[in-house]
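# Secondary and tertiary structure notes
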Amino acid sequence: MRLISGPGAFRAYAQEAFSRDVRSLLRSIQVPTLVIHRRDNRYYPVALGRYLAARIEGARFVVMPGADTAPFWEDPDRVVELFREFIDEVGPQSTAPAPVDRVMATILFTDIVASTEKAQSMGDALWRRLLEVHDSISQRLVGEYAGKLVKNTGDRIMARFDSPGRAILSAAALRNELLQAELPIRAGIHTGEVELRGADVSGVGVHIAARVIAASAPEEILVSRTVKDLVVGSQIRFEDRGTHSLRGVEGDWQLFAVAST
């Protein structure tokens, strides 16, 4: 273990690991889950394992004696025995995959800044031509980053991506190209569980993404803490925008602005 890196590299790794926050994803886990924790682990207190199990529906929590972070390094035979007991207990029917209509996805919202004022000052004909430019650019750049355009309501779009990184890159490309067309936008991104309803998408994950864009400033790409944590290791850089209370969403949410891609 001591030979895999120097102190500086391990310090950077530990700081990055401890900064991740995936609490908002725990409720979306829909498979039988076994959480094993060593009682005397000083690296991760046993309260963290208990918290994890309490927020994964139906999870089984087992505390074992010992202190090692990887539970299978101490008394591996007992750990394998626990695995076997758990698999026998849940059975083949309980391990069936989650329904295909509920998936993890990254939702991107964008809207044109001050669209009502622009429409009034330009007149219907010119505004309609600008919206056609907006629609064409949006369709192209969402597709270029492997996304799917779900809705287009004139001055706002909603798109779905399998990758939070691609969603951010798509939003940045949209912002830059639409700004050249004198159509500044703002964007909001969140990753969470959504429900597929034909061509449409719904669920709490969509609701949170809509609240994130409501907190964004003109020409800003704002993301939830979940999105930031999921792109750890990429070249994307963020600026902390503090915690926000998102209307209709429980708790405070830490939001970040994309600083560079």
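The following refers to the structure shown.

What counts, and where the lines are drawn
Residues numbered from 1 in each chain as written. Predicted model: local features only at pLDDT ≥ 70, side-chain atom pairs only at ≥ 80, totals over all residues. Heavy atoms only, no water. Helix = DSSP H or I, 4+ residues; strand = E, 2+ residues; numbered from the N terminus. Buried < 20%, exposed > 50% of the residue type's maximum accessible area, 1.4 Å probe, protein only. Areas by Shrake-Rupley, 256 points an atom, 1.4 Å probe, with all protein chains shown as cover. Lys, Arg positive; Asp, Glu negative; His and termini not counted. Charge placed at Lys NZ, Arg CZ, Asp CG, Glu CD. Contact = heavy atoms within 4.5 Å. Phe/Tyr/Trp six-rings, centres within 6.5 Å; stacked < 30°, edge-to-face > 60°. Lys NZ or Arg CZ within 6 Å of the ring centre and 35° of its normal. 1 Å grid on protein atoms, 1.4 Å probe; cavity = no way out; pocket = protein on both sides within 12 Å on 5 of 7 lines; lining within 4 Å. Points joined across faces, edges and corners; volume = space filled by probe spheres on them. Nonpolar A, V, L, I, M, F, W, Y, C, P; charged D, E, K, R; others polar. Salt bridge = Lys/Arg side-chain N within 4 Å of Asp/Glu carboxyl O. Core = buried A, V, L, I, M, F, W, Y, C linked by side-chain atoms within 4.5 Å. Polar contact = N/O pair within 3.5 Å; in protein donor to acceptor, adjacent residues only side chain to side chain.

### Here we look at the overall build of the protein
Per the secondary structure count, the protein includes 8 helices and 10 strands. Its C-alpha atoms give the protein principal-axis dimensions of roughly 75 × 45 × 30 Å. When each of the 261 residues of the protein is scored for burial, the buried share is 41%. Counting only carbon and sulfur atoms, one obtains 52% of the accessible surface of the protein, whose full area is about 14800 Å². For the protein, the distance from the average site of its 32 positive side-chain charges to the average site of its 33 negative ones is 2 Å.

### Comments concerning helix α7 (residues 204-214)
In terms of burial, α7 is a largely internal element, 8 of the 11 residues being buried. In this structure, the buried side of α7 is in contact with β3 (102-112), β5 (156-161), β6 (185-197), β7 (200-202), β8 (221-224) and β10 (252-260).

### Quick word on the packing of aromatic side chains
The full count for this structure, using the stated rule, is 2 aromatic pairs. Relative to Tyr44, the ring of Tyr43 lies with its centre 4.9 Å away and its plane at 90°, an arrangement referred to as edge-to-face. Using a relative accessible area of 28% as the deciding quantity, one classes Tyr44 as partly exposed. The ring of Tyr51 has Arg55 lying over it, and the distance from NZ or CZ to the ring centre is 3.6 Å. The cationic tip of Lys228 hangs over the ring face of Phe256; the distance from NZ or CZ to the ring centre is 5.2 Å.

### Quick notes on the layout of surface pockets
Of the volumes computed, that of the largest pocket is approximately 810 Å³. Considering the residues around the largest pocket, the lining is formed by 28 residues, among which Arg23, Ser24, Leu25, Glu250 and Trp253 are closest to the centre. For the lining of the largest pocket, the secondary-structure elements that each account for two or more residues are β3, β6, α7, α8 (225-230) and β10. Tallied by class, the residues present in the lining of the largest pocket amount to 7 nonpolar, 12 polar and 9 charged.

### So, the pattern of salt bridges
Under the defined criterion, the tally for this structure stands at 13 salt bridges. Between Arg102 and Glu193 there is a salt bridge; the shortest N-O distance is 3.0 Å. Here Arg102, found in strand β3, pairs with Glu193, found in strand β6; they are 91 residues apart in sequence, far enough to count as distant. Overall, Arg102 belongs to the partly exposed group, its relative accessible area being 32%. Through salt bridges with shared partners, a single network forms among Arg78, Glu81 and Glu85.

### Some points on the nonpolar core
If you look at the biggest cluster of nonpolar residues, it comprises 32 residues, and the most contacted ones within it are Ile168, Leu174, Ile189, Ile221, Val223 and Phe238. Residue contributions to this core peak at 7 residues, all from helix α6 (residues 164-180). Residues contacting Ile189, with those up to four places away along its chain left out, are Thr106, Ile107, Leu108, Ala167, Ile168, Ala171, Val212, Ile221, Leu222, Val223, Ser224 and Val227.

### Remarks on the side chain of His37
Residue position: His37 is located in strand β1 (residues 34-38). Engagement of the side chain of His37 in a polar contact is seen with the backbone oxygen of Pro45, the distance being 3.4 Å. Leaving out residues up to four positions away in the same chain, His37 has contacts with Tyr44, Pro45, Val46, Gly49, Phe61, Val62, Val63 and Met64.

### Concerning unusual backbone geometry
Of note, Glu182 is a non-glycine position whose phi angle comes to about 60°, a positive value. In this structure, Glu182 sits in the loop between α6 and β6. We classify Glu182 as exposed; its relative accessible area is 59%. At Glu219, a residue that is not glycine, the phi angle is positive and equals roughly 65°.

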